[in-house]
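Observations on the model geometry
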Amino acid sequence: MKILVHDFSGHPFQVQLSRELSRRGEDVVYSSCGAYVSGKGRLTAGPGETLTFQTVGDDIVFDKSSFVRRLFQELRLGVELVRHVRTVRPDVALMSNVQVPTLVVFAAAMMLTRTPWVLWHQDVYSVAIRSFAGGKLSRSFGLVARAFEVAERWCSHRAAAVVVIAESFVPVHRRWGTADKVTVIPNWAPLDEIVPLDRKNDWAVENELDDTLTLLYSGTLGLKHDPALLVSLAAEVRRAGRDVRLVVVNEGPAVGLLRAEAERRSVPITLLPFQPYERLSEVLATGDVLVVLLDQQAGAFSVPSKTLSYLCAGRPVLGLMPCENVAADLVNRTGGGVFAPSELDIPAAGAWAAELLGDPARRDQVGEAARELAEGEFAMQVCADRFERVLRLTVEGAR
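Quick look at the structure, then. (Residues numbered from 1 in each chain as written. Predicted model: local features only at pLDDT ≥ 70, side-chain atom pairs only at ≥ 80, totals over all residues. Heavy atoms only, no water.)

**What about the overall build of the protein chain?**
For clarity, the cut-off: Numbered from the N terminus, helices here are DSSP runs of H or I no shorter than four residues, and strands are runs of E no shorter than two. Whether a residue is buried, partly exposed or exposed follows from its accessible area with a 1.4 Å probe, protein chains only, as a fraction of its type maximum: under 20%, in between, or over 50%, in that order. Computed by Shrake-Rupley with a 1.4 Å probe, the accessible areas treat only the displayed protein chains as cover when residues are assessed. Working convention for charge: Lys and Arg count positive, Asp and Glu count negative, and His plus the chain ends are omitted. Where a charge lies is defined by one atom per residue type: Lys uses NZ, Arg uses CZ, Asp uses CG and Glu uses CD.
A count of helices and strands for the protein chain gives 15 helices and 13 strands. Each of the three principal axes of the protein chain carries a C-alpha extent, and together these read 65 × 50 × 40 Å. In the protein chain, which comprises 399 residues, the share counted as buried stands at 59%. With an accessible surface of roughly 16,800 Å², the protein chain has 51% of that area assigned to carbon and sulfur atoms. When the 44 positive and 48 negative side-chain charges of the protein chain are each reduced to one mean point, those points stand 7 Å apart.

**Concerning the packing of aromatic side chains**
Our working rule: Within 6.5 Å between ring centres, the rings of Phe, Tyr and Trp (the latter by its six-membered ring) count as paired, and their orientation is classed by plane angle as stacked under 30 degrees, edge-to-face over 60, tilted in between.
Enumeration over the complete set of coordinates arrives at 8 aromatic pairs. Linked through ring pairs, Phe13, Trp120, Trp188 and Phe387 together constitute an aromatic cluster.

**Considerations on the sheet that holds strand β12 (residues 317–320)**
The cut-off we apply is this: Two strands qualify as a pair provided that DSSP identifies no fewer than 2 bridges between them. Here the axes come from fitting lines to C-alpha atoms, over the contacting stretch only for helices, and the angles between their N-to-C directions go from 0 to 180 degrees. Only heavy atoms matter for contacts: two residues are in contact if any of them lie within 4.5 Å across the pair.
The 6 strands are arranged β10-β9-β8-β11-β12-β13 in an open sheet whose pairing can be described as parallel. Each edge of the open sheet carries a strand with a single partner, namely β10 (269–272) and β13 (337–339). Within this sheet the neighbouring strands show an average axis-to-axis angle of 20 degrees, counted without direction. Strands in contact with helix α11 (residues 305–313) are β8 (213–218), β11 (289–293) and β12; relative to β11, the strand with the most contacts, it is inclined by about 165 degrees.

**Examining the pattern of salt bridges**
Definition in use: By definition, a salt bridge exists where a carboxyl oxygen of Asp or Glu is found within 4 Å of a side-chain nitrogen of Lys or Arg.
Here the structure, examined in full by the defined rule, presents 23 salt bridges. With its nearest N and O atoms 2.7 Å apart, the salt bridge here joins Asp385 to Arg24. Here Arg24 lies in the loop between α1 (12–23) and β2 (27–33) and Asp385 lies in helix α15 (residues 380–398), a separation of 361 residues in the sequence. A relative accessible area of 37% places Asp385 in the partly exposed class. The class for Arg24 is partly exposed, based on a relative accessible area of 23%. A salt bridge links Arg371 to Glu375; the shortest N-O distance between them is 3.0 Å. Taken together, the residues span about one helical turn, with Arg371 and Glu375 both in helix α14 (residues 360–377) at a distance of 4 residues. With relative accessibility at 14%, the residue Arg371 sits in the buried group. Salt bridges sharing partners connect three or more residues here, namely Glu20, Arg23, Arg24, Glu26, Asp385, Glu388 and Arg392.

**Some remarks on helix α8 (residues 228–239)**
Heads up, the rule is: A helix is expected to span 1.5 Å for every residue after the first.
With 12 residues, α8 should cover 16 Å at 1.5 Å per step; its first-to-last C-alpha distance of 17 Å lies within 8% of that length. Of all the residues in α8, the buried ones are Ala228, Leu229, Leu230, Val231, Ser232, Leu233, Ala234, Ala235, Glu236 and Val237. Where α8 ends, the next residue or the one after it, Gly241, has phi of about 105 degrees, a positive value.

**Quick notes on a nonpolar patch on the surface**
Here is the rule we go by: Only residues whose relative accessible area exceeds 30% and that form no salt bridge are eligible for patches; like-charged ones are grouped when within 9 Å, while nonpolar side chains (Val, Leu, Ile, Met, Phe, Trp, Tyr) are grouped when within 5 Å.
A cluster of nonpolar side chains, contributed by Phe67, Val68, Phe72 and Leu75, occupies part of the molecular surface with about 370 Å² of accessible area. Within the element layout of this structure, Phe67 appears in helix α2 (residues 67–88).

**Digging into the sheet that holds strand β5 (residues 117–121)**
Read across the open sheet, the 7 strands follow the order β3-β2-β1-β4-β5-β6-β7; overall the sheet is parallel. The outermost strands of the open sheet, each flanked by one partner alone, are β3 (52–56) and β7 (182–184). Each neighbouring strand pair of the sheet contributes to a mean axis angle of 20 degrees, computed without reference to strand direction. Alignment of β2 against β3, held across 5 bridges, turns out to be parallel.

**Considering helix α9 (residues 254–264)**
Basically, it comes down to this: Here, the arc refers to the directions that run from the helix axis to the C-beta atoms.
Taken residue by residue, α9 has Ala254, Val255, Leu258, Glu261 and Ala262 as its buried positions. Angularly, the buried residues of α9 cover 135 degrees about the axis, an arc narrow enough to put them on a single face. Projecting away from the buried face of α9 at angles above 90 degrees are the exposed residues Glu263 and Arg264.

**Side note on the side chain of His173**
Relative to the helices and strands, His173 is located in helix α6 (residues 170–176). Sequence-distant contacts of His173, that is, excluding residues within four places in its chain, are made with His121, Ser156, Val162, Val164, Thr178, Ala179 and Val182.

**Let's talk about the side chain of Glu261**
Threshold: Whenever a nitrogen or oxygen atom comes within 3.5 Å of another N or O atom, the pair is scored as a polar contact, on the condition that within protein one atom can donate a hydrogen and the other can accept it, and that pairs from neighbouring residues in sequence are kept only if both atoms are in side chains.
Looking at the secondary structure, you find Glu261 in helix α9. Within the structure, the side chain of Glu261 is placed 2.7 Å from the side chain of Arg264, a separation counted as a polar contact.

**Remarks on the environment of Pro347**
Structurally, Pro347 is set in helix α13 (residues 346–357). For Pro347, a relative accessible area of 40% corresponds to the partly exposed category. Sequence separation between Pro347 and Leu209 is 138 residues; the distance between their C-alpha atoms is 25 Å.

**So, the packing of α1 against α15**
We apply this condition: What sets the label is the angle itself: under 35 degrees gives roughly parallel, over 145 gives roughly antiparallel, 65 to 115 gives roughly perpendicular, and the rest give oblique. Amino acids outside the nonpolar list (Ala, Val, Leu, Ile, Met, Phe, Trp, Tyr, Cys, Pro) and the charged list (Asp, Glu, Lys, Arg) are all regarded as polar, and Gly is one of them.
Two numbers describe how α1 lies on α15: the axes approach to 10 Å, and their chain directions differ by 75 degrees. Taken together, the axis directions place α1 and α15 in an arrangement best described as roughly perpendicular. Of the residues in α15, those in contact with Gln16, Leu17, Glu20, Leu21 and Arg23 of α1 are Met380, Gln381, Ala384, Phe387, Glu388 and Leu391. Looking at the contact of α1 with α15 residue by residue, the classes come out as 6 nonpolar, 2 polar and 3 charged.

**A short note on the pairing of β11**
Within β11, 5 of the 5 residues are buried, which leaves it mostly tucked inside the rest of the structure. Taking every second residue as pointing to the same face, both faces of β11 are buried, with Val289, Val291 and Leu293 on one and Leu290 and Val292 on the other. Across 2 bridges, the pairing between β8 and β11 is parallel. Bridge pairing links Leu216 to Leu290 in β11. Note that β11 and β12 share 4 bridges and pair parallel.

Next comes the structure, spelled out in structure tokens:
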């Protein structure tokens with residue numbers, strides 16, 4: 001098969017799947033949005049690899065401050081994505097993390113070109129927008145959520161198959177009338193690329209973090225996160241007697257908020273931009289405790305992929321996240337800590353982290369359990385088998 005895998009974000013496990021499909025003899029083109037700023041996977045071909053890497057939308061500068069402008073930018077990206085597909089001419093396309101306006105343009109064009117495609121449903125955007133309307137977003141976004149649900153449902157009907165990342169997505173597709181084409185394949189992280197390393201590594205030394213206790217967060221910070229909770233957590237740990245430093249690897253509006261809040265609460269903080277993917281293992285190894293954030297309202301429609309990378313790194317994980325989230329179950333199984341993403345739960349979370357930071361043996365034990373769980377759950381062979389079957393059935397069904 002000639003397969004186009006397009007992941008808007010450029011995340012590591014979509015890249016790993018593409019590499020594995022290529023290794024199996026499939027003709028694979030992997031593409032992502034070059035203009036989107038986030039932590040990326042390894043987006044270059046290695047020696048002997050036949051996988052092709054491309055980008056779309058390189059000259060777009062996304063404006064998160066204006067909904068209308070962002071809408072038109074995402075529609076424009078849809079046009080560029082269609083051109084990209086027409087150039088690649090795949091037998092089947094796999095779409096991941098594609099924004100709803102972009103996906104609508106893409107799905108309409110695929111109807112005309114009769115190109116079969118699979119929706120890899122990472123987030124139910126309409127549910128997300130509805131949950132934040134009237135809170136983090138104005139009440140008018142309730143209307144936007146309705147429009148997005150119509151659009152998202154329409155796109156799901158146009159897809160030949162749908163892969164969802166958790167069972168909690170299935171009721172949504174049952175309501176939309178698309179549950180019969182859904183396959184549940186949980187997300188994973190690349191075990192061979194994110195590996196446990198020594199706490200005192202080159203990256204830690206370069207950033208003067210080798211001789212200080214750290215709470216580390218690495219990843220995006222958007223509507224699904226409350227960055228101030230990171231500072232509150234660090235402040236609580238320090239109040240419990242641990243001289244801890246907060247380390248945040250991120251780019252965007254949250255950086256200014258974190259800097260101001262840390263200064264206000266006298267919390268030592270190191271703020272760094274997204275790091276090269278080849279150094280991610282060193283970055284994560286520098287965290288004595290790795291922190292996950294996820295808003296309570298995002299519990300059912302999102303699974304934070306950074307949790308999966310954290311587990312691969314073999315470090316203790318503290319989740320400020322809904323206890324019903326799939327990732328929360330993974331963290332609990334390692335002996336990590338899961339607490340509600342609320343200031344009310346910060347004292348308990350801080351006490352847990354402070355106790356763990358004072359017990360190196362237990363810290364190592366929880367970290368080893370994290371890696372062991374990852375090795376048991378993230379077998380690439382099984383995930384690739386399931387995706388390859390979905391893609392092959394899609395191609396055969398289009399003939």
